[in-house]
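# Fold and geometry: a report
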Amino acid sequence: MKRHILVTEKKAAIAAIARALDFPSWFGQNLDALHDSLSDLSWLPEGEYVLVVPADLDPSVAEVLRDAARRTAGSGERTLRVVRTER
């Protein structure tokens, strides 16, 4: 599944990612919750999930995405891939 995240500001980006991946109702709308959710993905069907984000995405959100992608890379069941683009 591929989803485009078109916002760059931290709060809006977190909300857009949560909507794009249909996060569970318990999602806390902050960086820690984002990291926990992206590192787990257990509520989603197996497969690869690709987030296309702007190159100028808030650096703290970008770091969470990078770390979550690294953590899920070896799982084989549900993986997150992040692609940065100039829009």
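Note: the structure precedes this text.
Residues numbered from 1 in each chain as written. Predicted model: local features only at pLDDT ≥ 70, side-chain atom pairs only at ≥ 80, totals over all residues. Heavy atoms only, no water.

### Focus on the pairing of strand S3 (residues 78-85)
- Relative to S3, strand S2 (residues 47-54) runs parallel, the two being bridged by eight bridges. Its bridge partner being in S3, leucine 51 is matched across the sheet by valine 82.
- Crossover S2 to S3 through helix H3 (residues 59-73) is right-handed. (Pairing = 2+ DSSP bridges. Helix = DSSP H or I, 4+ residues; strand = E, 2+ residues; numbered from the N terminus. Right-handed = clockwise from strand over helix to strand, strands pointing away.)

### Quick look at the pattern of salt bridges
- Throughout the structure, instances matching the rule amount to six salt bridges.
- Close ionic contact of arginine 66 with glutamate 63 constitutes a salt bridge, the shortest N to O distance being 2.9 Å. Remark: glutamate 63 and arginine 66 occur in helix H3; sequence separation between them is three residues, near one turn of the helix.
- On the basis of relative accessibility, which here comes to 37%, the residue arginine 66 falls in the partly exposed class.
- Overall, glutamate 63 belongs to the partly exposed group, its relative accessible area being 37%.
- A single network of salt bridges, built from pairs that share partners, joins Glu63, Arg66, Asp67, Arg70 and Arg71. (Salt bridge = Lys/Arg side-chain N within 4 Å of Asp/Glu carboxyl O. Buried < 20%, exposed > 50% of the residue type's maximum accessible area, 1.4 Å probe, protein only.)

### A closer look at unusual backbone geometry
- At glutamine 29, a residue that is not glycine, the phi angle is positive and equals roughly 55°.
- Tracing the chain through its elements places glutamine 29 in the loop between helix H1 (10-20) and helix H2 (31-40).
- A residue is classified by how much of its surface remains accessible, and glutamine 29, at 46% relative accessible area, is partly exposed.
- Even without being glycine, leucine 41 reaches a positive phi, approximately 60°.
- Counting through the fold element by element, leucine 41 comes out in the loop between H2 and S2.
- Leucine 41 gets classed as buried once you look at its relative accessible area, which sits at 0%.

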